Amino acid sequence: MTTSVDNAQTATDPADTLGTVIDDVIRPQAPIVDRDGAFPRPGVDALAAAGLLGLASSTEVGGGGHGIRAVAEVIERLAAECGSTAMVVLMHYAATAVIEAHGPRDVRAAIAAGDHLTTLAFSEYGSRSHFWSPTGTAAADDADTVRLDARKSWVTSAGEANSYVWSSLPLTRDAGPMTLWLVPADSAGLSVTGDFDGLGLRGNGSRPMTADGLHIPAAARMAADGAGLDTALGAVLPWFLVLNAAFCLGLADSAVAEAGRHLTRTTLAHTGAALRDAPVTRRDLARLMIRTDALRAFLGDTLTALETGRDDAMLRVLQVKALAGETVADVTDGAMQLCGGSAFRKELGLERRFRDARAARVMAPTTDALHDFVGRVATGLPLLDEANR
């Protein structure tokens with residue numbers, strides 16, 4: 001993003017090292033991650049070593065203490081180079097927001113130090129993208145232990161993360177719609193139950209996981225029993241939606257830049273003219289640029305709304321991912337058309353960005369769900385029906 005970073009940043013901010021990590025590790029690895037569907041472990045480790053996994057952690061536990069604007073800039077820059085790495089880090093930051101608010105100090109300190117990768121485990125086979133309606137159960141074994149059983153359908157960094165922010169039905173039936181838990185990766189009864197061979201984001205490790213008689217301490221609960229949905233809507237959703245928009249912006253911006261380079265350097269031998277010399281081509285590139293810059297402006301306004309506590313902040317948060325998902329899909333499609341047959345080859349990286357961009361529309365909350373949420377807010381209805389709360 002071109003907007004200034006938040007006040008917490010200083011000249012020694014570890015984000016200053018992001019360019020080096022991108023140049024040395026993430027950009028060279030991106031085609032391999034995509035081709036092989038490989039988890040981007042080298043890039044994640046390099047980001048951890050640079051202090052970037054702890055960027056949003058409190059200074060109280062040794063973290064960077066930065067706000068969502070600085071984190072969004074990191075996600076945007078990562079997405080421009082490797083969508084899979086960006087999504088892994090995005091989910092880490094979203095889960096960190098919950099852990100910072102309700103998690104144990106030792107885990108918070110490990111995240112701050114770059115020694116701990118975390119992620120969200122919300123989507124389930126029974127409720128799919130309706131993350132607010134979990135079907136997995138939690139039952140008290142005794143006063144100190146809880147048993148979790150669930151079939152999670154999509155978990156980014158499955159089998160790679162050190163912990164999972166895990167949703168379930170509450171322990172007590174009438175307590176509320178959802179309870180959140182911090183599940184260590186080495187918990188007995190926790191397993192990865194499938195592979196991921198997706199159209200895009202091929203290295204983000206988004207695989208199904210099962211909890212079958214998984215026993216964790218009762219103290220692993222985050223917030224009160226039944227309060228998980230309020231926590232998800234208040235702590236997770238703003239980070240998840242805004243960072244998804246930054247992710248889409250990075251993809252769109254890099255696609256436009258690559259299209260511009262291709263149109264500038266490619267000439268027709270029989271006329272000597274560059275592709276950019278055609279007015280229609282310039283017009284189409286301009287349209288893509290304007291769409292991308294409009295998203296940048298809307299994201300900037302959303303961040304300002306959050307930072308200043310504006311009345312429309314939640315509305316902007318809901319709108320921004322819906323706008324971003326449609327924008328990046330259209331922009332990457334347009335860039336493919338502008339570059340013609342060259343875009344179908346791996347060299348430009350456009351076809352990878354095109355594929356990665358398809359995820360935003362269907363990643364919960366989906367674009368359709370967000371449109372409904374926005375319509376509800378605009379007409380004075382609650383975000384969710386009472387039956388879902």
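Thresholds, definitions, all that
- Residues numbered from 1 in each chain as written.
- Predicted model: local features only at pLDDT ≥ 70, side-chain atom pairs only at ≥ 80, totals over all residues.
- Heavy atoms only, no water.
- Core = buried A, V, L, I, M, F, W, Y, C linked by side-chain atoms within 4.5 Å.
- Buried < 20%, exposed > 50% of the residue type's maximum accessible area, 1.4 Å probe, protein only.
- Helix = DSSP H or I, 4+ residues; strand = E, 2+ residues; numbered from the N terminus.
- Contact = heavy atoms within 4.5 Å.
- Phe/Tyr/Trp six-rings, centres within 6.5 Å; stacked < 30°, edge-to-face > 60°.
- Expected span 1.5 Å × (residues − 1).
- Pairing = 2+ DSSP bridges.
- Axes fitted to C-alpha atoms, helices over the stretch in contact; angles between N-to-C directions.
- Salt bridge = Lys/Arg side-chain N within 4 Å of Asp/Glu carboxyl O.
- Parallel < 35°, antiparallel > 145°, perpendicular 65-115°, else oblique.
- Left-handed = near helix turned anticlockwise from the far one by under 90°.
- Nonpolar A, V, L, I, M, F, W, Y, C, P; charged D, E, K, R; others polar.

Side note on the nonpolar core
One recurring pattern in soluble globular proteins is that nonpolar side chains are buried together.
Next, step 1: Counting 101 residues, the largest nonpolar core has Tyr93 and Phe247 as the members making the most contacts within it.
Next, step 2: Tallying contributions element by element places helix α6 (residues 228-265) first for this core, with 21 residues.
Next, step 3: Ignoring any residue separated from it by four or fewer positions in sequence, one finds tyrosine 93 in contact with Leu52, Leu53, Leu55, Ala56, Val71, Val74, Ile75, Trp239 and Leu243.

Some words on the packing of aromatic side chains
Two descriptors summarise a pair of aromatic rings, namely the distance from one centre to the other and the angle between the planes of the rings.
Next, step 1: Tallied over the full model, the rule gives four aromatic pairs.
Next, step 2: Here phenylalanine 131 and tryptophan 132 contribute two aromatic rings whose centre-to-centre distance is 5.1 Å and whose plane-to-plane angle is 80 degrees, an arrangement assigned as edge-to-face.
Next, step 3: In this structure phenylalanine 131 comes out as buried when scored by relative accessible area, which is 7%.
Next, step 4: By relative accessible area, which is 7% here, tryptophan 132 ends up buried.
Next, step 5: The interplanar angle of 75 degrees and the centroid separation of 6.0 Å between the aromatic rings of tryptophan 154 and phenylalanine 196 together place this pair among those described as edge-to-face. With tryptophan 154 in strand β3 (residues 145-155) and phenylalanine 196 in the loop between β6 (190-192) and β7 (207-217), the pair connects residues that are 42 residues apart, well separated along the chain.
Next, step 6: Among the residues examined, tryptophan 154 registers a relative accessible area of 44% and is labelled partly exposed.
Next, step 7: A network of ring pairs unites the aromatic residues Phe122, Phe131, Trp132 and Phe373 as a single cluster.

Digging into helix α7 (residues 279-308)
Next, step 1: Over its 30 residues, α7 extends 43 Å from the first C-alpha to the last, a length consistent with the 44 Å expected when each residue adds 1.5 Å.
Next, step 2: Those residues of α7 lying buried are Thr281, Leu285, Leu288, Thr292, Leu295, Arg296, Leu299, Gly300, Thr302, Leu303 and Ala305.
Next, step 3: Its buried side turned inward, α7 meets α3 (68-81), α6 and α8 (313-339).
Next, step 4: Where α7 terminates, the next one or two residues include glycine 309, which has phi positive at roughly 70 degrees.

Structural notes on the sheet that holds β3
Next, step 1: Spatially, four strands are ordered β2-β3-β7-β6 in an open sheet, and the strand pairing comes out antiparallel. What marks the edges here is a single partner per strand, and that holds for β2 (137-140) and β6. Strand-to-strand, the axes of this sheet are offset by a mean angle of 10 degrees, without reference to chain direction.

A closer look at the environment of valine 192
Next, step 1: Along the polypeptide, valine 192 turns up in strand β6.
Next, step 2: Given a relative accessible area of 32%, valine 192 falls into the partly exposed group.
Next, step 3: Expressed as a C-alpha distance, the spacing of valine 192 and valine 155, which sit 37 residues apart in the sequence, is 9.2 Å.
Next, step 4: The residues touching valine 192, leaving out its near neighbours within four places in the chain, are Ala158, Gly159, Arg207, Pro208 and Met209.

Focus on helix α11 (residues 367-378)
Next, step 1: Here α11 contains twelve residues, and its C-alpha end-to-end distance of 16 Å stays within 8% of the 16 Å for a straight helix at 1.5 Å per residue.
Next, step 2: Three or more residues of α11 are buried, namely Thr367, Ala369, Leu370, Phe373, Val374 and Arg376.
Next, step 3: Once α11 finishes, glycine 380 follows within two positions and takes phi at roughly 80 degrees, a positive value.

Focus on the pattern of salt bridges
Next, step 1: A complete count under the given rule lists 30 salt bridges for this structure.
Next, step 2: Ionic pairing is found between aspartate 34 and arginine 355, a salt bridge with its closest N-O pair at 2.7 Å. One end of the pair, aspartate 34, is in helix α1 (residues 18-36); the other, arginine 355, is in helix α9 (residues 350-357), with 321 residues separating them in the sequence.
Next, step 3: With relative accessibility at 11%, the residue arginine 355 sits in the buried group.
Next, step 4: Three or more residues joined by partner-sharing salt bridges are found here, namely Asp34, Lys346, Glu351 and Arg355.

A short note on the packing of α3 against α6
Next, step 1: Where α3 contacts α6, the axes come no closer than 7 Å and their chain directions differ by 40 degrees. By the angle between their directions, the pair α3 and α6 is classed as oblique. The chirality of how α3 crosses α6 is right-handed. Here Ile68, Val71, Ala72, Ile75, Glu76, Ala79 and Ala80 of α3 come into contact with α6, specifically with Pro238, Trp239, Val242, Leu243, Ala246, Phe247, Leu249, Gly250, Leu251 and Ser254.

Side note on the sheet that holds strand β5 (residues 179-184)
Next, step 1: With mixed pairing, the four strands of this open sheet are ordered in space as β1-β4-β5-β8. On the outer flanks of this sheet lie β1 (118-121) and β8 (221-222), each paired with one strand and no other.
Next, step 2: Direction of pairing for β1 relative to strand β4 (residues 163-168): parallel, over a ladder of four bridges. Counterpart to threonine 119 in the pairing with β4 is tyrosine 164.

Quick look at the packing of α8 against α11
Next, step 1: Running from amino to carboxyl end, α8 crosses α11 at an angle of 145 degrees, the nearest separation of the two axes being 9 Å. The hand of the α8/α11 crossing is left-handed. Between α8, through Leu315, Leu318, Gln319, Lys321, Ala322 and Glu326, and α11, the contact on the second element is made entirely by Thr367, Leu370, His371, Phe373, Val374 and Val377.
Next, step 2: Tallied by class, the residues present in the contact of α8 with α11 amount to seven nonpolar, three polar and two charged.

Note that all results are geometric; they support no functional claim without further evidence.
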